[in-house]
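Architecture and fold: a report
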Amino acid sequence: QTRLDQHEIFSLAYADLDHFKPFNDHYGFSRGDEVIRIAGRLILNIIKNIQPQGSFVGHIGGDDFVFIMDVALAASAAQEIIDAFDRIMPTMYESEDRARGYIETRDRQGVVSRFPPVSISIGITSNQSLDFIHYGQITGVASEMKSHAKEVFGSCYRVDKRRRGNNLNSDGCFT
């Protein structure tokens, strides 16, 4: 909120692990906690390596993270996070699950289903071209972009490209 109040220009990114609950259910809380710790350390190390001063990394809770950094660095940082996460994550699976490319466990309705490997989705926005008064507004747009990233199979990031006066229509296209 302080950055918004001081009219600082920055990007805010919201990262979330996809298919984490089935992984956690299948392998147990201990291995699930390790995946969260790995993701957190990875995000922190990459962001602080790219922008040691003026960046911020936070763990919202569960498998959700945020980071704040310069607008010009956010997309490349997201891609670096994705590349590193996708290199590390297969090592968290048993060899037979890794070879098969999925795990089988019960979904939220109790039905045994197949789930792909855990991936990471990142939504990015900034106050460079949009006016935000409250941190809830900018985090809401970053969350919306994260939801668009989740529509893609595998790890992905999406950057909000709206400008003042433009809106995102129902099919995900900017008008």
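Residues numbered from 1 in each chain as written. Predicted model: local features only at pLDDT ≥ 70, side-chain atom pairs only at ≥ 80, totals over all residues. Heavy atoms only, no water.

**Considerations on the overall build of the protein**
When its secondary structure is counted, the protein shows six helices and seven strands. The order of helices and strands in the protein, counted from the N terminus, is α-β-α-α-β-β-α-α-β-β-β-α-β. Computed over the C-alpha atoms, the radius of gyration of the protein is 17 Å, within 12% of the 16 Å expected from 2.2 N^0.38 for a compact globule of 175 residues. Expressed along its principal axes, the backbone C-alpha trace of the protein runs to roughly 50 × 40 × 25 Å. By the burial criterion, 44% of the 175 residues in the protein qualify as buried. The long-range fraction of contacts in the protein, counting pairs at least 24 apart against all pairs at least 6 apart in sequence, stands at 65%. (Helix = DSSP H or I, 4+ residues; strand = E, 2+ residues; numbered from the N terminus. Rg over C-alpha atoms; globule rule 2.2 N^0.38 Å. Buried < 20%, exposed > 50% of the residue type's maximum accessible area, 1.4 Å probe, protein only. Contact = heavy atoms within 4.5 Å.)

**With respect to the pairing of strand β6 (residues 119-126)**
A large share of β6 lies buried, amounting to eight of its eight residues. Going residue by residue along β6, you find Ser-119, Ser-121, Gly-123 and Thr-125 tucked away on one face and Ile-120, Ile-122, Ile-124 and Ser-126 tucked away on the opposite face as well. Bridge count for strand β1 (residues 11-18) against β6 is eight bridges, and the pairing is antiparallel. Opposite Leu-17, over in β6, you have Ile-120 as the bridge partner. (Pairing = 2+ DSSP bridges.)

**Points about helix α6 (residues 135-150)**
With 16 residues, α6 extends 22 Å from end C-alpha to end C-alpha; this agrees with the ideal 22 Å at 1.5 Å per step. Summarising the contacts, the buried residues of α6 are in contact with α1 (2-5), β1, β6 and β7 (156-159). (Expected span 1.5 Å × (residues − 1).)

**Let's talk about the environment of Ala-78**
Counting through the fold element by element, Ala-78 comes out in helix α4 (residues 71-88). On the accessibility criterion, Ala-78 (0% relative accessible area) is buried. Taking the C-alpha atoms as reference points, Ala-78 and Ile-124, separated by 46 residues in sequence, lie 8.6 Å from one another.

**Remarks on the packing of helix α3 (residues 29-50) against α4**
Relative orientation of the contacting elements α3 and α4 amounts to 145 degrees, with a least axis distance of 10 Å. In this structure, α3 crosses over α4, and the sense of that crossing is right-handed. Of α4, the residues touching α3 (which contributes Ile-38, Ala-39, Leu-42, Ile-43, Ile-46, Ile-47 and Ile-50) are Leu-73, Ala-77, Glu-80, Ile-81, Ala-84, Phe-85 and Ile-88. Residue composition of the contact of α3 with α4, grouped by class: 13 nonpolar, no polar and one charged. (Axes fitted to C-alpha atoms, helices over the stretch in contact; angles between N-to-C directions. Left-handed = near helix turned anticlockwise from the far one by under 90°. Nonpolar A, V, L, I, M, F, W, Y, C, P; charged D, E, K, R; others polar.)

**A short note on the sheet that holds β1**
For sheets, the rule is that strands pair by backbone hydrogen bonds, running either parallel or antiparallel. If you trace the five strands from one edge of the open sheet to the other, you get β2-β3-β1-β6-β7, paired in mixed fashion. Edge strands, defined here as strands with exactly one partner in the open sheet, are β2 (56-61) and β7. Adjacent strand axes in the sheet meet at a mean angle of 20 degrees, parallel and antiparallel pairs treated alike. The pairing of β6 with β7 spans four bridges and is classified as parallel. In the sheet register, Ser-121 faces β7, and the bridge partner there is Cys-156.

Everything listed is a geometric property; what it means functionally is a separate question.
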